[in-house]
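Survey of secondary and tertiary structure
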Amino acid sequence: MNGIIQNLIISSIKRNERSNMAEAETREQENDIADLSETVTNKLTTLFKGGGMKVGDFVTEPEQSAFANLMERHLSQEQMEFNDYRAFSSSIAELLARKLNTAQAINAKDGFLITYFYSQDVGEEDNVENIYFLCVVFLHRIDGTDINDEDLTFESIERINLDSLNLGAKVCLNDWIDNEERPISFKLGKGTGDVRRYFQTFLGCDEPVNCKIDTQSLKDAITETCNRLERNSEQIHNLCDSAKNYCLERLNTLGEDKVNLEALSRHLFPEEEDSEIFLHVAHEEYRLSDSIGIDKTVLRTFSRIQVQTEHYKISFNASQLNQTIEFDRENRSLKFNNLPQSIIDDVQKFQPNTTNTDN
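Let us look at the structure shown here. (Residues numbered from 1 in each chain as written. Predicted model: local features only at pLDDT ≥ 70, side-chain atom pairs only at ≥ 80, totals over all residues. Heavy atoms only, no water.)

Turning next to the pairing of strand 1 (residues 4–15). Pairing analysis gives five bridges linking strand 1 to strand 2 (residues 22–26), with the strands arranged antiparallel. From the neighbouring strand, Ser11 faces strand 2, where its bridge partner is Thr26. With antiparallel pairing between neighbouring strands as the criterion, strand 1 and strand 2 make up a hairpin whose turn holds six residues, including Asn20 at a positive phi of roughly 65 degrees. (Pairing = 2+ DSSP bridges. Helix = DSSP H or I, 4+ residues; strand = E, 2+ residues; numbered from the N terminus.)

Structural data, given as structure tokens:
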């Protein structure tokens, strides 16, 4: 579902020809949302998807990031709107310009910073929630070719490309306000040169690593995708088992320390549309970066269902659901069939004799 843009403004970050210092210049007024074509609006509100996405948290030590401070200063959390969006965006552009004037960033190309705020309705008809996102996208001009209409000759042009994201970040403001983990989705494209090294510093965010949680989230993302695609229990088991084998091969055979989510999505869901659904679920709902560390202990549970409480431990192959193990949804209970005789014998030892006897 596409979103509705509330505010948008474009800033130019250009290097001074004499000093080579980056300087930010922001429009005096916000860009008129009504002037945006439906195509541009759709691109901007669906730009953060696909491969290469990372997730992160704002740093708080030794102090909170300047980017987060600016959001706190300008965002009215009750109304979910920005106070003086032009001033806020101008401060963001100046912050990026300062970062591009430090260390090796002075070699980074200049460009345009698009800062926009949009909302999106999520959920079913009876339970719709408004989700709000703040996005910053940094664009370079790229060389292109066009044909002159008058003399029908080729001519060189410079343009920007909104068809794919190379350098940008999206903050889920709902999650940020609620202090949820990983409210930031960002991408640092390899083709963006020296600026990519400093864009993450500009955001003031880091990429947390928790292999156990990420591996469990990966399993949950696979099963959730299967449920949306209406796959049956056997298909879910087979895909989870396939994911486990894929990850083990990358870790044990190829010696990799992380698994690429986009490559895994193509392996599990060859259909492009299904693969996109999986990536959306993994990135947006389970907050997984494109490359994740894998915990082998959790990975072993991909094809098994197991739980341990104070009183019992259960573990079985998921493939046995509706086979030797039946799940009663109404009574929320499991029934085990074809039990080995050894277990039957052990259980009977602890069962009292219930046979009625005459006095």
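Having seen it, we continue.
Let's shift gears to a negative patch on the surface. On the surface, Asp146, Asp149, Glu150, Asp151 and Glu155 cluster together into a negatively charged patch. Looking at where Asp149 falls in the secondary structure, it is placed in the loop between strand 8 (142–147) and strand 9 (154–159). (Patch = residues over 30% accessible without salt bridge, like charges linked within 9 Å, V, L, I, M, F, W, Y side chains within 5 Å. Areas by Shrake-Rupley, 256 points an atom, 1.4 Å probe, with all protein chains shown as cover. Salt bridge = Lys/Arg side-chain N within 4 Å of Asp/Glu carboxyl O. Lys, Arg positive; Asp, Glu negative; His and termini not counted. Charge placed at Lys NZ, Arg CZ, Asp CG, Glu CD.)

Another aspect to go through is the nonpolar core. A general feature of soluble globular proteins is that nonpolar side chains tend to end up buried together. Ranked by internal contacts, the top residues of the largest apolar core, which has 41 residues, are Phe67, Leu173 and Phe199. Look past the residues within four positions of Leu173 in its chain and what remains in contact with it is Met71, Leu75, Met80, Phe82, Phe117, Tyr132, Phe133 and Leu134. Residues Ala221, Tyr246, Leu268 and Ala282 belong to the second largest nonpolar core, which totals 25 residues. (Core = buried A, V, L, I, M, F, W, Y, C linked by side-chain atoms within 4.5 Å. Buried < 20%, exposed > 50% of the residue type's maximum accessible area, 1.4 Å probe, protein only. Contact = heavy atoms within 4.5 Å.)

At the junction of Glu61 and Pro62, the peptide bond is cis and its omega measures out at 0 degrees in the coordinates. For Pro62, the location among the structural elements is in the loop between strand 3 (54–58) and helix 2 (66–74). At Asn179, a residue that is not glycine, the phi angle is positive and equals roughly 60 degrees. For Arg332, which is not glycine, the phi torsion reads 50 degrees and is therefore positive. With respect to the helices, strands and loops of the structure, Arg332 is situated in the loop between strand 17 (325–328) and strand 18 (333–336). Assessed through its relative accessible area of 72%, Arg332 is described here as exposed.

The next thing to look at is the packing of helix 3 (residues 85–99) against helix 5 (residues 195–203). Running from amino to carboxyl end, helix 3 crosses helix 5 at an angle of 135 degrees, the nearest separation of the two axes being 9 Å. The angle between helix 3 and helix 5 places the two elements in the oblique class. Crossing handedness for the pair helix 3 and helix 5: right-handed. From helix 3, Ile92, Leu95, Leu96 and Lys99 reach across to helix 5, where they touch Tyr198, Phe199, Thr201 and Phe202. Of the residues in the contact of helix 3 with helix 5, the class split is six nonpolar, one polar and one charged. (Axes fitted to C-alpha atoms, helices over the stretch in contact; angles between N-to-C directions. Parallel < 35°, antiparallel > 145°, perpendicular 65-115°, else oblique. Left-handed = near helix turned anticlockwise from the far one by under 90°. Nonpolar A, V, L, I, M, F, W, Y, C, P; charged D, E, K, R; others polar.)

Going through the model one piece at a time under the given rule, you end up with eleven aromatic pairs. Where Phe117 meets Tyr132, the ring centres are 5.9 Å apart and the plane angle is 25 degrees; that geometry is what we call stacked. Taken together, the residues Phe117 in strand 6 (residues 111–124) and Tyr132 in strand 7 (residues 127–139) connect sequence positions 15 residues apart. Site record: aromatic cluster; members linked through ring pairs are Phe82, Tyr85, Phe88, Phe117 and Tyr132. Its guanidinium or amino end placed over the ring of Phe133, Lys170 lies 4.6 Å from that ring's centre, counting from NZ or CZ. If you follow Arg250 out to its NZ or CZ, it ends over the ring of Tyr246, 4.1 Å from the centre. (Phe/Tyr/Trp six-rings, centres within 6.5 Å; stacked < 30°, edge-to-face > 60°. Lys NZ or Arg CZ within 6 Å of the ring centre and 35° of its normal.)

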